[in-house]
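This is what each chain is made of:
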Amino acid sequence: RLGDYMAAEGQGSSRRTGREEEIPMHRLSINSRASHESAGMSSTFSIDTPLMAATEDLDEAAASRVNMPPLDLDAQGSSGRRGKARTEPLNPQDNAFKKSRYPANVVSNNKYNIITFLPLVLFEQFKFFFNLYFLLVALSQFVPQLRIGYLFTYVGPLVFVLAVTMAKEWHDDHARRKRDSEANSQRYTRLTADGCESIASSKIRVGDFVLIEKNQRVPADMVLLRTTETSGACFVRTDQLDGETDWKLRIAVPPTQKLGDNLDLFSLHGSVYADAPHKDIYDFVGNLTIDSGLGGGAAEAVTVPLGAENTLWANTTLASGSAVGYVVYTGRDTRAAMNTGHAKTKVGILDSEVNRLSKILFVVTLGLSLAMVALDGFKA
């Protein structure tokens, strides 16, 4: 425990900017005695470590950090982050004019399109030496002085291999495009001030309230606002995101969970802050500020810090109950999209071995050709 505390304290000190902390600190002296029976000796050491004193001081400090202006994460040079941090109105009716600023919620894993298919396939094939070698040999047969045998015996096998490869690439890319189309056309329930409406996944935008049912895939990165459990808890399956089969616990934001009905969310007015999109699925920095609409005579704004436990990432599956989320990232800004690599051409061990042998064959053939021409006195 002492080592964990010192490691945490070291991380905290690295974030300080050189100014003195306003939180009262105390010095704690820890004495530890270690007995060494084999040597018959004992040692005592003392470590002075600054600790936080009072719980109320800690609460005030935490509140002050929550109310601090959002940090510009791009200016800090955070690795793996794309775009900028965002602050959007909590009520979708106040957010309609801003939704076009962010990527559409479209899943796209296809590798080619109608224009790039032929050039990319040919490039992927002829970047391997053995295909390039046989192409050069086939082209050499168009020169009468270099022709040996029938031209078809050189061109035919190469064309056959390229045709089979193109057919396979087209089939694989068509399957990817079909899966993307199915994911983009899945229907979800979006909450509006007039009730609920069914929309396709591709129509979801930042700032929407989306209702997720049990065993339904989460279409975008969202902040969890409400669940059917009175405690505000729910479980999600993340095996499609991180490969782990155990269920993860997620907690709804307390002020919104206490509302009587999902449509009461439209009586709230405030904002949601989210840090810049990045790949880390275990980290999220944000806060939710409610300026009005909670009722109960609350006159001051309520600010709630948000963490990864308050989120529902895209491509996870809700395992219990139903939940309402506020969309913060869509499309290529989601954690799932940023952790998905582009489709690459697979190369087998046999292909690699043939490629290596082709290089050896080329060197041997070139050497024999030069030797035969040299022995003939370079008359040709």
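This text goes with the structure placed above it.
Model, not experiment: these values are computed from the prediction.

Parameters and conventions
Residues numbered from 1 in each chain as written. Predicted model: local features only at pLDDT ≥ 70, side-chain atom pairs only at ≥ 80, totals over all residues. Heavy atoms only, no water. Pairing = 2+ DSSP bridges. Helix = DSSP H or I, 4+ residues; strand = E, 2+ residues; numbered from the N terminus. Axes fitted to C-alpha atoms, helices over the stretch in contact; angles between N-to-C directions. 1 Å grid on protein atoms, 1.4 Å probe; cavity = no way out; pocket = protein on both sides within 12 Å on 5 of 7 lines; lining within 4 Å. Points joined across faces, edges and corners; volume = space filled by probe spheres on them. Nonpolar A, V, L, I, M, F, W, Y, C, P; charged D, E, K, R; others polar. Salt bridge = Lys/Arg side-chain N within 4 Å of Asp/Glu carboxyl O. Buried < 20%, exposed > 50% of the residue type's maximum accessible area, 1.4 Å probe, protein only. Parallel < 35°, antiparallel > 145°, perpendicular 65-115°, else oblique. Left-handed = near helix turned anticlockwise from the far one by under 90°. Contact = heavy atoms within 4.5 Å. Core = buried A, V, L, I, M, F, W, Y, C linked by side-chain atoms within 4.5 Å.

Draft legend 1. Just the sheet that holds strand β9 (residues 247-251), in detail. Here 3 strands make up an open sheet; going across it, the order is β9-β8-β14 and the pairing antiparallel. Either end of the sheet is taken by a strand with one partner, and the two such strands are β9 and β14 (317-318). In this sheet, β14 lies alongside strand β8 (residues 233-237) in antiparallel orientation, the contact comprising 2 bridges. Its bridge partner lying in β14, valine 236 is registered against leucine 318.

Draft legend 2. Summary view of the sheet that holds strand β11 (residues 286-292). Strand order across the open sheet formed by 4 strands is β3-β10-β11-β12, with antiparallel pairing between neighbours. One side of each edge strand has no neighbouring strand; the edge strands of this open sheet are β3 (86-89) and β12 (302-306). Strand after strand, the sheet turns through a mean of 15° between neighbouring axes, direction not considered. Pairing analysis gives 5 bridges linking β11 to β12, with the strands arranged antiparallel. Bridge pairing in β12 places glycine 286 opposite leucine 306.

Draft legend 3. Representation of the layout of surface pockets within the structure. By volume, the second largest pocket is sized at about 820 Å³. Forming the walls of the second largest pocket are 28 residues, and the residues nearest its centre are Val107, Ser108, Asn109, Ala337 and Thr340. Looking at the lining of the second largest pocket, the elements that each hand over two or more residues are α5 (152-184) and α8 (335-338). Ranked by residue count, the leading element in the lining of the second largest pocket is α5, at 4 residues. Classifying every residue of the lining of the second largest pocket gives 9 nonpolar, 11 polar and 8 charged.

Draft legend 4. Broad picture of the pattern of salt bridges. Going through the model one piece at a time under the given rule, you end up with 12 salt bridges. With a shortest N-O distance of 3.0 Å, glutamate 124 and lysine 127 are connected by a salt bridge. Taking the shortest distance from any N to any O, the salt bridge between aspartate 208 and arginine 190 comes out at 3.1 Å. Here arginine 190 lies in strand β4 (residues 187-192) and aspartate 208 lies in the loop between β5 (195-200) and β6 (209-212), a separation of 18 residues in the sequence. Exposure class is identical for aspartate 208 and arginine 190. Each is buried. Connected via shared salt-bridge partners are Asp242, Glu244, Asp246 and Lys248.

Draft legend 5. Molecular detail of the packing of helix α3 (residues 117-126) against α5. At their nearest, the axes of α3 and α5 sit 11 Å apart, and the two run at 120° to each other. By the angle between their directions, the pair α3 and α5 is classed as oblique. Between α3 and α5 lies a crossing whose hand is right-handed. Contacts between α3 and α5 involve Phe117, Leu118, Val121, Leu122, Gln125 and Phe126 from the former and Leu162, Thr165, Met166, Glu169 and Trp170 from the latter.

Draft legend 6. Structural view of the nonpolar core. Of all hydrophobic cores here, the largest spans 27 residues; its most connected members are Leu90, Phe209, Val223, Leu225 and Tyr326. Among the secondary structure elements, those contributing two or more residues to this core are β6, β7 (221-227), β10 (269-274), β11, β12 and β15 (323-329). Ignoring sequence-local partners within four residues, the contact set of valine 223 consists of Val253, Phe284, Leu306, Asn310, Val324, Gly325, Tyr326 and Val328. Counting residues in hydrophobic clusters, the runner-up holds 16 residues, among them Ile212, Met222, Leu224 and Val236.

Draft legend 7. Seen up close, the side chain of serine 358. Within the element layout of this structure, serine 358 appears in helix α9 (residues 349-375). Those residues in contact with serine 358, other than ones at most four positions away along the chain, are Phe129 and Phe130.

Draft legend 8. Seen up close, the environment of alanine 85. Tracing the sequence through the fold places alanine 85 in the loop between α2 (55-66) and β3. By relative accessible area, alanine 85 is classed as partly exposed at 32%. Each C-alpha atom of the pair alanine 85 and alanine 274 lies 5.8 Å from the other, and the pair is 189 residues apart in sequence.

Draft legend 9. Highlighting unusual backbone geometry. Positive phi is not limited to glycine here, since asparagine 215 has a value of about 65°. Positive phi values are uncommon outside glycine, yet asparagine 315 reaches one of about 75°. Structurally, asparagine 315 is set in the loop between β13 (311-312) and β14.

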